[in-house]
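So you can see what is in the structure, the chains are spelled out below.
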2 protein chains.
Amino acid sequence: MKRLIVLVSVLFFSTPLFSVNFESLHSWKNGNSKQEILKYVSTVTEKNSPDFIPEKDRIAVFDNDGTLWTERPVYFQLYFAMDRVKVLAPEHPEWKTKEPFKSVLANDINGVMKSGEHGLLEIVNATHSGMDSESFKSMVREWLKTARHPTTHRPYTELIYQPMMEVIGYLKANDFKVYIVSGGGIDFMRSFIPEVYGIPEEHIIGSNGKVHYENGKIIKDNEINFIDDKETKPIAIYYGIGKQPVAAFGNSDGDFAMMLYTEAHKKYKTLQLYVHHTDDKREFAYDRKSHVGKLDKGLDYARANHWTIVDMKNEWKLIYPFESKKDRE
Amino acid sequence: MKRLIVLVSVLFFSTPLFSVNFESLHSWKNGNSKQEILKYVSTVTEKNSPDFIPEKDRIAVFDNDGTLWTERPVYFQLYFAMDRVKVLAPEHPEWKTKEPFKSVLANDINGVMKSGEHGLLEIVNATHSGMDSESFKSMVREWLKTARHPTTHRPYTELIYQPMMEVIGYLKANDFKVYIVSGGGIDFMRSFIPEVYGIPEEHIIGSNGKVHYENGKIIKDNEINFIDDKETKPIAIYYGIGKQPVAAFGNSDGDFAMMLYTEAHKKYKTLQLYVHHTDDKREFAYDRKSHVGKLDKGLDYARANHWTIVDMKNEWKLIYPFESKKDRE
């Protein structure tokens, strides 16, 4: 099957690129970003290309929040944590008067955000520990079944970007190894990404907590171990993959270091792609001043250095898989 | 190709197991261990078997030192570190009188070992830092070209166990994902394992040091981050793979927790295999009282619980790839 796909790709891509008929990026309009993705992949996978990259080195890394699914009003994992605080509240009477828990219990998301990184970590520690990792993932899966996004009222797992799912599929069909490298918690992400995106647990790298081993189980302790963001993304890639990626996909300044690390590859031609949130009707429009997914320095650098910048509003026929087929026309 | 291999396996393994003709474990005598490996793999890969494991969950983990290559007189990485101390010594006049460096410079391996874990970590920190990870790996590769094992006078990369290489190949042909989970340093292992064992960088998990990111490079700092041994092996598997393995291969009490973690799998039939060093002619014979690769508690448990225990002397036709073909008969 793989062989067939490669064969088909080679056959079609050996014709001049701008007349390519065969591709699987159905939800992309025929704009610059789509052309740049197609051109990159054909250039590095065609056997006789001077930019050919052997399969073993075709490593692609994707941020998750804001790159593969929506991250507004706030990161979805925070909604999970807040719901979990409410469930645990009866065991913690002190939370009624103690921030950030007081704000969580009052559904005051601004108050929660005001508690800053320290407050958010407190919430995460209190809600992501005290059980084994498998039980935690089951709990997240249960939560995902009934939880609904506050503005769209959709299940969170429906708020994934169809065009980006197609990029993942397209890269895999061209023998790239696709990894998630995201600030989200590894167990939170591993609970749904394998099924929803088709990326297996062992290709999911994220923030994580300290754990210990006990009787065949991994027990989650009440302490942060590693935050996977900004300059620690290349570090997470080093520990978890050990190869410099050749393609990096992000949407914020949090992904900038990972994309610079990719761009710095000495051996291979690379691709850097920013998803730019420009669509305030179908999704959310934000960049330089956003409290989540801030894209500022990265945007300037991307423009100056000809990285691919996806204009969601004008380059995507549809955003979410549930949008009807007629929206694609 | 994959499909073909699976088809061939199914065809042959559907005949009674003990008359199997097709296999690739050429260097194994037809003893219990070989039969147990063949039986396990056929049982979990045959489509109609009640113990069938889907490909995505076929995770196999291997210790390295003493399981895939020799670890005597001491771990090979220590020889590298000692050679490196000698190279760096002119910049460190204080080492002439300071342990453990004094013993290293005097080629006194017993003195080095006496410095204990703390001393060994000092040597590792001093010799495995202050450069970027790619430069470090290049340095190890250069060292491996000329360094020779003290008793066999062979290059270290020749002292790999041919029968275990065959197990790795056999598992991969049956769609297992094969990982190294070892106490060795990740960069040290990543410098040679991809080429020598055919296991890629991203499947190599090991001990590691703290690092920082700087201008497209990962810089190795002078501090230990994670020691991958005993109870931390399951933890390393959790962070790096996120799935409980179904097959685990080790040779010491350092691997015992990882093997228990594998055995504790709730969903699938599992395999645990200990390489038992019984051959004092062709390799080294040691177990309960060894200063490296001590196998004591693990051996008792393995015997009581019917794990596979490989008797190197009596079950392997040859140990190293360089042994002549006639030794296999």
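Further up the page is the structure itself.
Reading the values: the criteria
- Residues numbered from 1 in each chain as written.
- Chains lettered and ligands numbered in written order.
- Predicted model: local features only at pLDDT ≥ 70, side-chain atom pairs only at ≥ 80, totals over all residues.
- Heavy atoms only, no water.
- Phe/Tyr/Trp six-rings, centres within 6.5 Å; stacked < 30°, edge-to-face > 60°.
- Lys NZ or Arg CZ within 6 Å of the ring centre and 35° of its normal.
- Contact = heavy atoms within 4.5 Å.
- Buried area = accessible area lost by both parts, 1.4 Å probe.
- Salt bridge = Lys/Arg side-chain N within 4 Å of Asp/Glu carboxyl O.
- Polar contact = N/O pair within 3.5 Å; in protein donor to acceptor, adjacent residues only side chain to side chain.
- Helix = DSSP H or I, 4+ residues; strand = E, 2+ residues; numbered from the N terminus.
- Nonpolar A, V, L, I, M, F, W, Y, C, P; charged D, E, K, R; others polar.
- Pairing = 2+ DSSP bridges.
- Axes fitted to C-alpha atoms, helices over the stretch in contact; angles between N-to-C directions.
- Expected span 1.5 Å × (residues − 1).
- Buried < 20%, exposed > 50% of the residue type's maximum accessible area, 1.4 Å probe, protein only.
- Arc of directions from axis to C-beta.

S.K.: Help me out: how do you make sense of the packing of aromatic side chains in this one?
M.R.: For any pair of aromatic rings, the description rests on two quantities: the centre-to-centre distance and the angle between the ring planes. Residues and elements named next belong to chain A. For the coordinates displayed, the defined rule picks out 46 aromatic pairs over all chains. Through a chain of ring-to-ring contacts, three or more aromatic side chains come together here, namely Trp 69, Phe 76, Tyr 79, Phe 80, Phe 136, Trp 143, Tyr 156, Phe 188, Phe 192 and Tyr 197. Seen from the ring of Tyr 286, Arg 72 lies directly overhead, with NZ or CZ sitting 4.4 Å from the centre.

S.K.: Looking at this model, I keep getting lost on the interface of chain A and chain B. Mind explaining?
M.R.: When the parts of a complex come together, some accessible area is lost, and that lost area is often taken as the interface size. At the interface, 40 residues of chain A touch 40 residues of chain B. Summing both partners gives a buried area of about 2900 Å² for chain A against chain B, and 52% of it is carried by carbon and sulfur. Of all residues in chain A, Glu 202, Tyr 213 and Tyr 238 of chain A give up the largest surface area on contact with chain B, accounting jointly for 25% of the area buried on that side. Seen at the junction of chain A and chain B, the total is six salt bridges. A salt bridge links Glu 202 of chain B to Lys 177 of chain A, with the nearest nitrogen and oxygen atoms 2.7 Å apart. Counting every contact that joins chain A to chain B gives 19 residue pairs in polar contact (both at pLDDT 80 or more). Secondary-structure elements contributing two or more residues to the side of chain A that touches chain B are α7 (133–146), β2 (177–185), α9 (186–197), β3 (204–214), β4 (217–226), α10 (232–240) and α11 (256–263) of chain A. Top element by residues in the side of chain A that touches chain B is β3 of chain A. It accounts for six residues. Within the side of chain A that touches chain B, the residues separate by chemical class into 16 nonpolar, 10 polar and 14 charged.

S.K.: How do you make sense of the sheet that holds strand β1 (residues 59–62) of chain A when you look at a structure like this?
M.R.: Residue and element names in this part refer to chain A. On the basis of which strands lie adjacent, the open sheet formed by seven strands has the order β4-β3-β2-β1-β5-β6-β7 and mixed pairing. Strands at the two margins of the open sheet, each flanked by one partner only, are β4 and β7 (308–311). On average, each strand axis in the sheet is inclined to that of its neighbour by 35°, with strand direction left out of account.

S.K.: Explanation requested: α7 of chain A in the structure shown.
M.R.: The periodicity of an α-helix, 3.6 residues per turn, causes residues three or four places apart in sequence to face the same way. Residues and elements named next belong to chain A. With 14 residues, α7 extends 21 Å from end C-alpha to end C-alpha; this agrees with the ideal 20 Å at 1.5 Å per step. Taken together, the buried positions of α7 are Ser 133, Phe 136, Lys 137, Met 139, Val 140, Trp 143 and Leu 144. The buried residues of α7 occupy an angular sector of 155° when the element is viewed end-on, so they sit on one face. Exposed residues on α7 whose side chains face more than 90 degrees from its buried face are Lys 145 and Thr 146.

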